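Survey of secondary and tertiary structure
Chain residues, written in single-letter form:
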Amino acid sequence: MEHFYKIIVDWSLERSGPYEDYFTPEMLARASVEDFDSLLAVYGDDPDAMPDTYPVGEGQVRLAFFAPCYDEAATMKGLLERLLPPEASVFIEEGEITVFPRRIPFIGDIRILLGEEVKPLPQEKAIRLWGSQIFGTGEHATTRLMAEMMDGADFHAKRGVDAGAGSCILTLYALMKGAQDFYAFDVADNFRETAGHVMALNKVRFHAFQEDHLAFAARYTRWKETDFLLANMLPRYLFPVLALFAEKLSSRTCVLLSGIPEGRREEAEAFFERTGFAVTRSFQREEWAGYTGFFTGKRPGTEL
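The residue count restarts for each chain, going from 1 along the sequence in the order it is written. Selection of residues for local features in this predicted model requires a pLDDT of at least 70, selection of side-chain atom pairs for listing and counting requires 80 or more, and totals for whole chains, interfaces and linings are taken over all residues. Computation of side-chain values: all heavy atoms of the structure, hydrogens and water removed.

1. A few points about helix α4 (residues 70-83)
The first and last C-alpha atoms of α4 sit 20 Å apart over 14 residues, in line with the 20 Å expected at 1.5 Å per residue. Along α4, the residues that are buried comprise A73, M76, G78 and L80. In DSSP terms, a helix is any run of H or I states spanning at least four residues, a strand is any run of E spanning at least two, and both are numbered starting from the N terminus. To estimate the expected span of a helix, subtract one from its residue number and multiply by 1.5 Å. Partly exposed residues are those whose accessible area sits between 20% and 50% of the maximum for their type, while under 20% is buried and over 50% is exposed, using a 1.4 Å probe and protein chains only.

Here it is, written out as structure tokens:
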């Protein structure tokens, strides 16, 4: 990993007015900008996705600029302190680059190559990712849990659906394991672009749709011929997907799920029962739970 320096500006909209008045469009294009409203839009009231503390409060904005060395960071900090209103707080943070680019151990002898700059070595078993920062670099416990569950499954010549595919890492792993036909969907704004990049990087083809589960369900026609459903999502996203797909998939479809926080296991398992999802095995990694199973086609209270 490489060291980085981040120059942070904490801005009060009430005291200093619009921050856009002080920064050029070119500077803002290089900045990471967090404001309270956008954070609420991302996290909402989801107790699992909510960060411990927001970096900013209501009416505040945090801008972050990156520098490769301390001297450059200190120079930029001094410049901003001279140009910005005195009530703006400017300071430096330092840390390790963890997103882009690098080589990441995944499962067994397979490596994730994050970023187009990272080239595969001769004979290396590798899944190449674009480095778009869409969820799914292979490091999060839920992604590794999915890989562990997938490792014991036979994907040879199989068809599957990857719900909330993110970086497409699970689709790519399924294809590496011999899957023949995969459908991936995600609502992320750059999902179609991400999918196109990783197909080119890995020299594979799969079906990619930038849409939610409702739109995907309206177009997908091969429910009874689907061998696998992969879904690595927080409960607020996972439960609606399962509720809809339970009515469409056959009992022969192997379902692999992750993204359930330990504190919501009981709630999730009660939901599985109501949905007609039969758990065949449960898994645990850190504070996250995963499950394999299938839809029975029966829900409590629906029997004649």
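2. A short note on unusual backbone geometry
One non-glycine residue with positive phi stands out, namely K203, at about 55°. You will see that E286, though not glycine, has its phi angle at about 55°, which is positive. With respect to the helices, strands and loops of the structure, E286 is situated in the loop between β13 (277-285) and β14 (288-295). We classify E286 as exposed; its relative accessible area is 62%.

3. A few points about the environment of A231
Here A231 shows up in strand β11 (residues 228-232). By relative accessible area, A231 is classed as buried at 0%. Linking A231 and V161, residues 70 residues apart in sequence, is a C-alpha distance of 8.5 Å. Two residues form a contact once any of their heavy atoms are found within 4.5 Å. Not counting the four nearest positions on each side in its chain, A231 is found in contact with M146, A163, L238, L256, L257 and S258.

4. Observations regarding the sheet that holds strand β8 (residues 159-163)
Overall, mixed pairing links the seven strands, which are arranged β10-β9-β8-β11-β12-β14-β13 in an open sheet. Two strands lie at the open edges of the sheet, namely β10 (207-210) and β13, each paired on one side alone. For this sheet, the mean inter-axis angle between neighbouring strands, taken without regard to orientation, is 15°. One ladder, built from four bridges, connects β8 with β11; its direction is parallel. The residue bridging V161 from the neighbouring strand is L229, located in β11. Only when DSSP finds a minimum of two bridges between them are two strands counted as paired. In this description, a line fitted to the C-alpha atoms serves as the axis of each element, helices being fitted only across the stretch in contact, and the angle between N-to-C directions of two axes falls anywhere from 0 to 180 degrees.

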